[in-house]
Amino acid sequence: MKGRTFLFELRSRWKGLTIFLIIVILLMAGYVQIFPSVSEPFDEDLEGAENIEIEVDEETGVISLDWGHWEETEADPDHNYTVLVNFIPNMVQPIYRNESITEPRFVFHPSMLLEEDKNTDLSMILEDEEELELYFAVVGVKEDSREFIGMRSNVERTNVFEELMGTDWTDIGDFIAMLYNMWFILLVGLYLAYVSVNSVTKDFEERRMDIIFSTPLSRRQYLLEKFSSLGFYTFVLLSLTALAMVGSVYSLGELGQLSASTVFLSLIVSWPLFLVLIAMSLLVAVYFKSSRTAVGMAFFFIFIQYAVHLVADMAETLELVKPYTLITYWDHSSVLSESVVSSFDVGLLLVLSVLVFGFAVMVFERSDIPA
Amino acid sequence: MIDWMVTKMEKEPVMKIRGLTKKYGDVIGIKDLDLDVYPGEIMGFLGPNGAGKTTTIRACLALLNKTAGDVKIFGLDSHKDSVEIRRDVGYLPGDFGMYPDMKAKAILKYLLSQSDVSDTTKMYELSEILDLDLNKKYRELSKGNRQKVGIVQAFMADQDLVILDEPTGGLDPLMQHKFYDLLRKESREGKTIFMSSHILAEVEEVCDRVAIIRRGELQVVEEISSLQEKMGKKLEVEFRDGVDLDRFDMQGVEKVEVDGNRVSMIVTENLDEVVKEVSKYDIMNMSLETFNLDQLFLTYYREDEGS
């Protein structure tokens, strides 16, 4: 009966599929929640950085600190000051200390470190480092009381993500695009490949094929219903994950930049890409008939696609290779930045998934079912 | 040939195999096989392990592509019309698995639904006959009980032709006899049964005809009874004194062997004349033994080993 295998697939796999769905939703929605912390400049994390002005002379390496404006608003002029210097923003064991500063300014040169060097490696560090990353802490002292004024660093940094990815992350759309590119495609792609391959190879390996095809079920119908059930599950997975992401973005108050439908669509347009991956997995499953080999081949295919796309993304000289990777045709960037869905890309992937599926059916129909 | 069999064989064969050949690369699985299975009969398909029984069955059911030949089941092409054919054919594979985490009942209902059959009456009837607990998960069942699940699924959709590949594997002797009774009952109800086996006794017990296959080639197709007749009887006589062996040189007497005063021979015809000739001497002991299928099979098997 038509549709029985479709329903059977969903019913027999619902537990595993639901667990994966929950994991994906939690990861995606949770990932969006870290956007505020990566989008804020790193310097703001140094306490009291706004109380100290810093100036670095690139030629001489002289660093001038000035906290006069703090003094005008916060304290009386009877203070003297202590300046602590270290390589890290922690002053428990500073590499330099000056406690006799009377004016609300301080001029520092790296050679001053050597004057009170207790660290034998310091001179080597000073010679090796082209630009020494230093942290300065200023403390006001009056009679017996101490008051922390602030910290600054001589190196202008925004955040670690910016240094790694070369983006300032002020746009949540870029942030979501990176999420898709970096691991969503791999996580969901590999899982779907694994489930798709096993949905067929397990029937071979557990010797069920003879029983299955003792019923009036054609091989084409068998594969079509497997393909449909996996495609349906993927659509549900993407829809629910997209809804969770919309909720997560909304909770950050960032929907001003993006509309809910844009966030939703950006994920849903990956469906045709995953249909191709499912069809490809079914093809290797009916060809190799062994879970281990077929899963290996499917994973290899996905990793190659992913690696080529990633490298081509970073190297302009490899731009020509990009059209040959499937991932290119999930154009989430256009959706996120311009709310435009490329019907060509979607259509191409849909046609490709039908072709690959048709090829899988042909291979299956022409091959022997091993006893 | 007995009358009821003549009637059956006048009908169009349910399964008609002509020149069926299956090669695996250069290795021949079965070669140029011709066989007819008639409606209502129980046909045994006998052969040692690796003779090509399973390959024949699976090629007929389009689980294997054929290299050459033609198979018609209910007049339809076994490969082009395989889906249509399977509506009317029950099949028990020789080696099969099912869904380990599902209850036997759920598995059987699922398979019934694939055949568009909603009536579960026969499923329950068969389970009761075979003493099968349908509420156990497949993984919890013993080998014998798993085989029972297979037998139930082969018969439960009440199809006209049932193909069984080594059906009694894993069944205890008591259950084997229940199964033979089931086969006879199904046959009486008009089902055609094609059953492979390497257990000679069961073919002899339940089958109307037998086809013997060896090294992928069909050796003989005969009714069980006429095959036994053709094979003749083994006469052993112990005489008081020596005898003139030339007296037994007559039509229908073969393989005359002498061991002292003991003489043995195979008699395929003229038994009456042979006994009269024997009676002219003083007889110490005498036995007349009908060949059974076991001996017939071993005859072929030994030839196989000899070759």
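Calculation rules
- Here, residues in each chain are numbered from 1, in the same order as that chain's written sequence.
- Chains and ligands are labelled sequentially in the order written, the chains with letters from A and the ligands with numbers from 1.
- Per-residue local features of the predicted model are confined to residues with pLDDT of at least 70, and side-chain atom pairs are confined, for both listing and counting, to 80 or more; whole-chain, interface and lining totals are unaffected and use all residues.
- Counting from the N terminus, the helices are DSSP H or I runs at least four residues long and the strands are E runs at least two residues long.
- Put simply, a residue is buried when 20 or more other C-beta atoms lie within 10 Å of its own C-beta and exposed when 12 or fewer do; between those, it is partly exposed, and each C-beta is set from the backbone.
- Contact between residues is assigned whenever the C-beta positions, reconstructed from backbone atoms, fall within 7 Å.
- In plain words, the nonpolar core is the set of buried Ala, Val, Leu, Ile, Met, Phe, Trp, Tyr and Cys residues that C-beta atoms within 7 Å link up.
- The nonpolar class holds Ala, Val, Leu, Ile, Met, Phe, Trp, Tyr, Cys and Pro. Asp, Glu, Lys and Arg form the charged class, and all remaining residues, Gly among them, are polar.
- In this document the domain limits rely on a domain assignment from an automatic tool or a database.
- Only when DSSP finds a minimum of two bridges between them are two strands counted as paired.
- Angles shown run from 0 to 180 degrees and are taken between the N-to-C directions of axes, each axis being a line fitted to C-alpha atoms and, for helices, limited to the stretch in contact.
- Relative orientations are named as follows: roughly parallel for angles under 35 degrees, roughly antiparallel for angles over 145 degrees, roughly perpendicular for angles from 65 to 115 degrees, and oblique for any other angle.
- Every residue is assigned a pLDDT by the predictor, reflecting its confidence on a scale from 0 to 100.

1. Quick word on the overall build of chain A
In step 1: Counting secondary structure elements, chain A contains 14 helices and 7 strands.
In step 2: Across the 371 residues of chain A, 30% fall into the buried class.
In step 3: The contacts of chain A with a sequence gap of at least 6 include a subset with a gap of at least 24, amounting to 70%.

2. Here we look at the nonpolar core
In step 1: One finds A279(A), L282(A) and V152(B) to be the most contacted residues of the largest nonpolar core, which totals 127 residues.
In step 2: Broken down by element, the residue count for this core peaks at 13 residues, all from helix α11 (residues 271-288) of chain A.
In step 3: Contact partners of V152(B), with chain neighbours within four places excluded, come to L108(B), M123(B), L126(B), S127(B), L130(B) and L132(B).
In step 4: In this structure, I63(A), W67(A), I149(A) and M151(A) belong to the second largest nonpolar core, which totals 16 residues.

3. A look at the interface of chain A and chain B
In step 1: Contact with chain A, which involves 17 residues of that partner, is made by 21 residues of chain B.
In step 2: Only α1 (4-33) and α8 (209-212) of chain A provide two or more residues apiece to the side of chain A that touches chain B.
In step 3: Looking at the side of chain A that touches chain B residue by residue, the classes come out as 8 nonpolar, 3 polar and 6 charged.

4. Brief notes about the environment of E186(B)
All names here are of chain B.
In step 1: Looking at the secondary structure, you find E186 in helix α7 (residues 173-188).
In step 2: Residues E186 and D160, spaced 26 residues apart in sequence, show a C-alpha to C-alpha distance of 9.6 Å.
In step 3: If near-sequence neighbours (up to four positions away) are discounted, E186 is found in contact with F155, V162, K191 and I193.

5. Considering the domain arrangement of chain B
In step 1: Per the domain assignment, the segments of chain B are domain 1 (3-228) and domain 2 (233-290).
In step 2: Inter-centroid distance (C-alpha atoms) of domain 1 of chain B to domain 2 of chain B is 43 Å.

6. Observations concerning the sheet that holds strand β13 (residues 262-267) of chain B
Strands belonging to one sheet form pairs held by backbone hydrogen bonds; the direction of such a pair is parallel or antiparallel.
Residue and element names in this part refer to chain B.
In step 1: A sheet is described by the order of its strands in space; here 4 strands give the open sequence β12-β13-β11-β14, paired in antiparallel fashion. Of all strands in the sheet, those bounded by a partner on one side alone are β12 (253-259) and β14 (283-290). Averaged over all pairs of adjacent strands, the angle between strand axes in this sheet comes to 15°, irrespective of strand direction.
In step 2: Both strand β11 (residues 233-239) and β14 contribute to a ladder of 7 bridges, which runs antiparallel. Across the sheet, the residue bridging to K234 is E289, located in β14.
In step 3: Relative to β11, helix α10 (residues 271-278) is tilted by about 5°, and along the sheet it contacts β11, β12, β13 and β14.

7. Here's the deal with the sheet that holds strand β4 (residues 68-73) of chain B
Residues and elements named next belong to chain B.
In step 1: Ordered by their spatial adjacency, 4 strands build an open sheet running β2-β1-β4-β5, and the pairing between neighbours is antiparallel. For this open sheet the edge positions go to β2 (27-37) and β5 (76-77), each flanked by a neighbour on one side alone.
In step 2: In the sheet, β4 pairs with β5 via 2 bridges, with the strands oriented antiparallel. Bridge pairing in β5 places K72 opposite D77.
In step 3: Strand contacts of helix α2 (residues 53-60): β1 (15-24), β2 and β4, with the helix running at about 115° to β1, the strand carrying the most contacts.

8. Some thoughts on the packing of α1(A) against helix α7 (residues 172-205) of chain A
Residue and element names in this part refer to chain A.
In step 1: Look at α1 against α7: their axes get within 12 Å of each other, and the N-to-C directions meet at 170°. With respect to α7, the axis of α1 lies roughly antiparallel. Across from E9, F20, V24 and Y31 in α1, the residues of α7 making contact are L179, L187, V188, Y191 and S199.
In step 2: Looking at the contact of α1 with α7, its residues break down into 7 nonpolar, 1 polar and 1 charged.

9. Examining the confidence of the model for chain A
In step 1: Put simply, chain A has an average pLDDT of 86, and 87% of its residues get 70 or more.
In step 2: Mean pLDDT values for the elements of chain A range from 59 in helix α6 (residues 160-165) of chain A up to 97 in α11(A).

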